[in-house]
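# Summary of structural features
Residues per chain, in single letters:
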Amino acid sequence: MNRSWSFIAGLLATIGFSMMGLVFIPNWQFEELKPVVDQNGVSHPTPPAGSVLLGREVYISEGCLYCHSQQVRSADFGADIQRGWGTRRSVARDYIFDRPHLMGTMRTGPDLENIGARQPSRQWQYLHLYNPQITSPGSIMPQFHFLFKVADKSGPVPAGSVDLPARDSPTNRDSYLIPTGRAQDLVDYLMSLNHSYDLPEAHQ
Amino acid sequence: MSTLAVQPEPPSPDITADYVTRVQIDRSCRQTVLGYYASAVAWLLIGSLAALITSIKMHHPEFLGNYEWITFGRIRPVHLNTVVYGWSSMVGIGTTLWLEARLCKVRLPYRTLLPATVIIWNAGVLWGVYEVLAGHSTGVEWLEFPPQVLGIFGFVLLILFWVSLKMFNERHVHHTYVSQWYLFGSVVWFPILYSAAILLPTTGIVGGAAWATTNWWYAHNVLGLYVTPMGLATIYYLIPKVTGKPIYSYHLSLLGFWTNALFYSWIGTHHLVGGPLPAWVITLGIVGSIMMFVPVTTVAINHHMTMVGKFHMLKTSPTLRFIVFGAVSYTAVSYQGSLEALRSVSHVAHFTHYTVAHAHLGMYSFYTMTMFGAMYYIVPRLTRNEWSSAPLIKVHFWTTALGVLAYFCALSWAGWYEGEMMNNPLIPFIKIVDYTKPYLVARSISGSFMTIGHIAFAILVFRILRGSDFSMIGPTLFTTKRGTLRRREKTA
């Protein structure tokens with residue numbers, strides 16, 4: 001290996017080979033995937049738009065993906081389905097609109113692929129994001145105080161607010177918890193995470 | 001080996017000429033390599049701080065909980081990116097340039113441009129860290145920095161490729177050494193990997209689930225085709241250098257190199273075992289991982305057979321002790337990784353702290369410890385100073401070695417049971433969280449030990465760079481007694 005160009009050619013061949021196998025060929029295979037349209041004319045998956053897309057950015061910006069995966073494993077591989085994290089396994093078609101992918105590699109917290117179906121209460125989501133201890137005592141999820149404002153109950157009911165009991169309020173009085181625009185977007189995004197529609201290849 | 005052994009006999013003219021060449025090469029590397037090293041150590045400290053904050057937040061989520069810019073989901077990627085692109089890359093580039101110059105027996109070229117790349121690279125890391133803290137992460141693991149950072153890192157990487165090529169083509173020794181292949185590999189592979197992993201998805205060529213395979217093709221190749229080659233090149237160079245024994249087998253090193261290149265580049269998709277991808281993509285990753293037994297065993301035999309008969313030197317030489325710790329960890333982490341890729345193991349270990357422990361065995365126990373060893377050898381040759389304190393080196397070794405072992409054991413144990421419990425749907429999720437908490441505390445404690453070691457190391461590096469008064473009468477060894485380091489006579 002004394003000539004640099006033949007050596008470099010060998011190096012390029014090894015990396016090019018693996019790039020072909022793990023980047024381009026999967027991409028060619030997935031490029032052909034199209035959403036499926038159900039009998040009501042709704043296509044699945046739905047491309048994220050508006051506040052859902054903005055909420056997805058909050059999800060990325062606050063690094064939710066480091067503790068929450070977005071993929072359900074099949075019934076014979078782990079207990080995802082028995083835990084109620086989904087009704088079927090996730091397949092490549094579920095991700096055709098994902099830019100970037102948020103599959104995740106860690107489950108410090110539960111999987112969120114179907115959180116919109118599993119926990120449809122916005123009030124629960126707001127309280128949980130404000131302080132996870134309110135809804136899930138013992139959780140090690142960070143609190144996202146900075147995505148909320150707290151108002152005293154003396155005034156009128158602020159739009160979109162939820163009740164914050166005295167014991168959970170920094171003022172120790174019954175208060176209103178007012179989600180900021182970003183918190184609303186984030187919850188819109190979480191609500192949109194619902195992949196319980198059926199796909200033919202998920203049964204294979 | 002006496003610590004004060006000044007050459008006992010008058011050296012022959014050949015040896016003197018050789019010595020002069022080495023000194024000239026070292027001098028040509030001085031500014032650039034020390035620039036990379038000093039920056040690397042600064043990023044190591046920042047990365048350690050980010051790691052500690054992250055780790056404490058995992059068992060005390062309210063810790064510094066009201067500052068959005070250091071919320072868990074931002075400070076965690078700051079830890080990863082500072083230790084990968086700050087510490088690991090910069091210490092690796094510095095070591096690469098010095099090793100290449102020494103092995104080609106040529107002086108380092110471009111001695112104004114290369115020190116400037118230190119500033120450019122630092123600016124890239126700093127900018128990336130700022131963007132992640134400000135909430136502008138890309139959300140792609142290992143690539144959280146804004147895609148435009150590619151312009152900065154890519155520019156430096158191209159210069160490094162050019163410099164490596166130039167030194168290789170103008171080398172003064174005909175034969176090439178195994179370390180050169182690995183180093184050349186990393187300077188060719190990494191720019192391709194890095195630019196492909198950023199450009200293909202951001203231009204829309206690759207998307208959806210293929211973004212995930214691209215992501216892990218990249219992230220695992222950072223280890224396999226960038227960090228590992230630099231680490232192995234260092235081990236291959238320094239074990240013979242310190243022990244005075246040539247490497248055991250040329251043919252084994254050749255086999256190890258090409259099988260590593262061929263198999264390692266395929267293993268990334270084992271991060272997606274059980275995931276929403278066709279079985280063949282995952283199977284490729286698993287097959288590649290198992291095939292890694294070949295290069296790893298080859299390298300392990302080669303390193304071990306070179307060390308045989310010289311193990312007593314681990315008592316005295318800090319370089320050798322760090323390097324051998326790294327080499328043993330390389331074997332351990334690679335075997336573990338191969339097994340971890342199996343579906344039956346991944347079934348439990350995936351999505352848990354077990355993987356985190358494994359990652360630290362690779363990036364820290366193997367690579368970082370190896371690079372510590374490299375700096376203990378190289379910095380005195382560049383500064384013409386000696387390390388100022390044997391006890392501080394001991395503190396550095398024991399806190400980091402025991403720290404990372406404790407870290408690994410705690411998280412592997414916790415991770416495995418976390419996975420077992422997760423696969424049992426009768427156990428509520430919060431019970432699993434509760435189970436891991438004491439181990440997360442153990443992680444913070446072992447991480448603190450490692451940080452203490454980094455501070456001790458930083459003090460040593462600061463002193464030697466400042467031009468401490470300690471002259472190079474002999475290397476500072478673990479056995480060097482207090483007071484035997486000679487203070488240099490003031491010449492002013």
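Residues numbered from 1 in each chain as written. Chains lettered and ligands numbered in written order. Predicted model: local features only at pLDDT ≥ 70, side-chain atom pairs only at ≥ 80, totals over all residues. Heavy atoms only, no water.

Let's shift gears to the overall build of chain B. A count of helices and strands for chain B gives 14 helices and zero strands. The C-alpha atoms of chain B give 23 Å as radius of gyration, which agrees with the globular expectation for 492 residues (23 Å, within 12%). Taken along its principal axes, the extent of the C-alpha atoms in chain B is 75 × 45 × 45 Å. In chain B, which comprises 492 residues, the share counted as buried stands at 64%. Carbon and sulfur atoms make up 68% of the accessible area of chain B, which totals about 18200 Å². Within chain B, one finds 32 positive and 18 negative side-chain charges whose respective centroids are separated by 9 Å. (Helix = DSSP H or I, 4+ residues; strand = E, 2+ residues; numbered from the N terminus. Rg over C-alpha atoms; globule rule 2.2 N^0.38 Å. Buried < 20%, exposed > 50% of the residue type's maximum accessible area, 1.4 Å probe, protein only. Areas by Shrake-Rupley, 256 points an atom, 1.4 Å probe, with all protein chains shown as cover. Lys, Arg positive; Asp, Glu negative; His and termini not counted. Charge placed at Lys NZ, Arg CZ, Asp CG, Glu CD.)

Helix and strand counts for chain A stand at six helices and five strands. Taken from the N to the C terminus, the helices and strands of chain A come in the order α-β-β-α-α-α-α-β-β-β-α. Relative to the globule expectation of 17 Å for 204 residues, the C-alpha radius of gyration of chain A, 22 Å, shows a markedly less compact shape. Within chain A, the fraction of its 204 residues that count as buried is 55%. When contacts within chain A are restricted to residue pairs at least 6 apart in sequence, those whose partners lie at least 24 apart make up 64%. (Contact = heavy atoms within 4.5 Å.)

Here we take up the interface of chain B and chain A. By a widespread convention, an interface's size corresponds to the accessible area lost as its parts come together. Taken together, the contact pairs 96 residues of chain B with 70 residues of chain A. Counting each side, the surface lost to burial between chain B and chain A is near 6900 Å², with a carbon and sulfur contribution of 68%. Of all residues in chain B, Trp266(B), Pro276(B) and Phe351(B) give up the largest surface area on contact with chain A, accounting jointly for 12% of the area buried on that side. Taken together, chain B and chain A are joined by two salt bridges. (Buried area = accessible area lost by both parts, 1.4 Å probe. Salt bridge = Lys/Arg side-chain N within 4 Å of Asp/Glu carboxyl O.)

Turning next to the pattern of salt bridges. Residue and element names in this part refer to chain A. Enumeration according to the criterion identifies 19 salt bridges over all chains in this entry. Across the pair Arg 56 and Asp 98 runs a salt bridge, and its minimum N-O distance is 3.5 Å. One end of the pair, Arg 56, is in helix H2 (residues 50-61); the other, Asp 98, is in the loop between H2 and helix H3 (115-118), with 42 residues separating them in the sequence. With relative accessibility at 6%, the residue Arg 56 sits in the buried group. Close ionic contact of Arg 93 with Glu 201 constitutes a salt bridge, the shortest N to O distance being 2.8 Å.

This part covers the environment of Leu11(A). Looking at the element boundaries, Leu11(A) is found in helix H1 (residues 4-31). The buried category is assigned to Leu11(A), whose relative accessible area is 0%. With residues near it in sequence (within four places) discarded, Leu11(A) still touches Phe184(B), Gly185(B), Val188(B), Trp189(B), Phe257(B) and Trp258(B).

Let us look at the sheet that holds strand S3 (residues 148-152) of chain A. Residues and elements named next belong to chain A. Strand order in the open sheet made by the three strands is S3-S5-S4, with antiparallel pairing throughout. With partners counted over all chains shown, the strands left at the sheet margins are S3 and strand S4 (162-164), one partner each. For this sheet, the mean angle separating the axes of adjacent strands, direction not counted, is 40 degrees. Of the strands in this sheet, S3, S4 and strand S5 (175-179) are in contact with helix H4 (residues 122-130), which crosses S4 at around 40 degrees. (Pairing = 2+ DSSP bridges. Axes fitted to C-alpha atoms, helices over the stretch in contact; angles between N-to-C directions.)

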